[in-house]
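# Chains, contacts and geometry: an overview
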Amino acid sequence: FCFMPDQIVELVLGRGWAAAGEIGLWLIWPSFTFLFCNWLDSVLDVLGRQSLALGMEVAFSILSIGGMAAAFACGWGFRGALAAQSIMLTFYNLTYLVATYRASRWSLLSLARLAGVIAGVAVASVCLLVLARAFLPLWPAAVTFSVVAGCTGSMLVWKMVKCL
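Treat the numbers as computed from the prediction; the structure is a model and nothing was measured.

## So, the packing of aromatic side chains
- Inspection of the entire model under this criterion finds five aromatic pairs.
- The interplanar angle of 75° and the centroid separation of 5.2 Å between the aromatic rings of F32 and F36 together place this pair among those described as edge-to-face. Separated by four residues within a single helix, F32 and F36 lie in helix α2 (residues 21-37), roughly one turn from each other.
- With a relative accessible area of 13%, F36 lands in the buried category.
- On the numbers, 5.1 Å between centres and 80° between planes, the contact of Y101 with W106 is edge-to-face.
- We classify W106 as partly exposed; its relative accessible area is 33%.

## Some points on the nonpolar core
- Ranked by size, the top nonpolar core spans 17 residues in total, and within it L40, L44, M56, Y96 and L97 carry the most contacts.
- Counting residues per element, the ones that place at least two in this core are α2, α3 (40-47), α4 (50-73), α5 (77-104) and α6 (108-135).
- Take this core: its biggest share by element is six residues, from α5.
- Setting aside residues up to four positions removed in sequence, L97 forms contacts with F36, C37, L40 and L111.

Conventions we followed
Residues numbered from 1 in each chain as written. Predicted model: local features only at pLDDT ≥ 70, side-chain atom pairs only at ≥ 80, totals over all residues. Heavy atoms only, no water. Phe/Tyr/Trp six-rings, centres within 6.5 Å; stacked < 30°, edge-to-face > 60°. Helix = DSSP H or I, 4+ residues; strand = E, 2+ residues; numbered from the N terminus. Buried < 20%, exposed > 50% of the residue type's maximum accessible area, 1.4 Å probe, protein only. Core = buried A, V, L, I, M, F, W, Y, C linked by side-chain atoms within 4.5 Å. Contact = heavy atoms within 4.5 Å.

Structure (structure tokens):
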């Protein structure tokens, strides 16, 4: 989705929605990082560290609203506000992930290994997409990529479980 957002949206929703791919391009980053930290509030609950979760939520909410307001005030419009919101949410998710690992006294080395696995899968996926796109039209390339991404995602989950 990061490399062909307009084409993917057009493929799924039709030509009239193709420009919405740019919105998806910005939203993919916080969505992706959210996958790794949406369950962490339960960990902080068990640890009795709800105040840490609340503090981070309030701080990043204020920063997020401030970033969007600053984008509009600078005349950057919707796209600038979307970029500010996406950047803040991505930083929030990553901060939440590291803070929960530290609060849980889990090894940050295992988190680093997990990041390495994710980066490896991402690089392999991009290479596969480039190859698939070079030899196949868009629709078969998208299907091929989706199948391989599903398989690598399953492998990634397995590696995550082993890292923890």
